[in-house]
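Structural overview for review
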Amino acid sequence: MILEIRFCLCRCPEAILWKKSIDHLIKAIPDGANRIQCIEVQAQRQILIVSVYMPCKGLRDNVDEFEDCLEQLHEIVQKYKNTHSIILGGGLQ
């Protein structure tokens, strides 16, 4: 059986996949920069799925980018924590 799926590969190398049959329940959310993408799932309590591609923490050149990415995640959580259940995933290194 081949599943028909949809995906969001907006700005980063992480993808969020879902079955085509629930496409009408999914909305891409523009929060986050080039390493973060979000989708909203319509349900009794809305769900925010966040996919993040964190920079490697071991390289000195990536410290600023790492901290910026954490700050963006914090802002997203603060914005949606009272209205959505939040699921965080991706390449967290």
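Residues numbered from 1 in each chain as written. Predicted model: local features only at pLDDT ≥ 70, side-chain atom pairs only at ≥ 80, totals over all residues. Heavy atoms only, no water.

Glancing now at the environment of Val-52. Mapped onto the elements, Val-52 comes out in strand β5 (residues 46-53). With relative accessibility at 0%, the residue Val-52 sits in the buried group. Along the chain, Val-52 and Cys-38 lie 14 residues apart, while their C-alpha atoms are 8.7 Å from each other. (Helix = DSSP H or I, 4+ residues; strand = E, 2+ residues; numbered from the N terminus. Buried < 20%, exposed > 50% of the residue type's maximum accessible area, 1.4 Å probe, protein only.)

Grouped together as the largest cluster of nonpolar side chains are eleven residues: Ile-29, Ile-36, Cys-38, Leu-48, Val-50, Val-52, Met-54, Cys-69, Leu-73, Ile-76 and Tyr-80. Of all the elements in the fold, those that place two or more residues in this core are β4 (36-41), β5 and α1 (63-80). Looking at this core, the element that brings in the most residues is α1, giving four residues. Membership of the second largest hydrophobic core comes to five residues, among which are Ile-16, Trp-18, Ile-26 and Ile-39. (Core = buried A, V, L, I, M, F, W, Y, C linked by side-chain atoms within 4.5 Å.)

In this structure, Arg-35 sits in the loop between β3 (26-29) and β4. Within the local environment of Arg-35, its side chain forms a polar contact with the backbone oxygen of Tyr-53, the two atoms lying 2.6 Å apart. At 2.8 Å, the side chain of Arg-35 and the side chain of Glu-65 are in polar contact. (Polar contact = N/O pair within 3.5 Å; in protein donor to acceptor, adjacent residues only side chain to side chain.)

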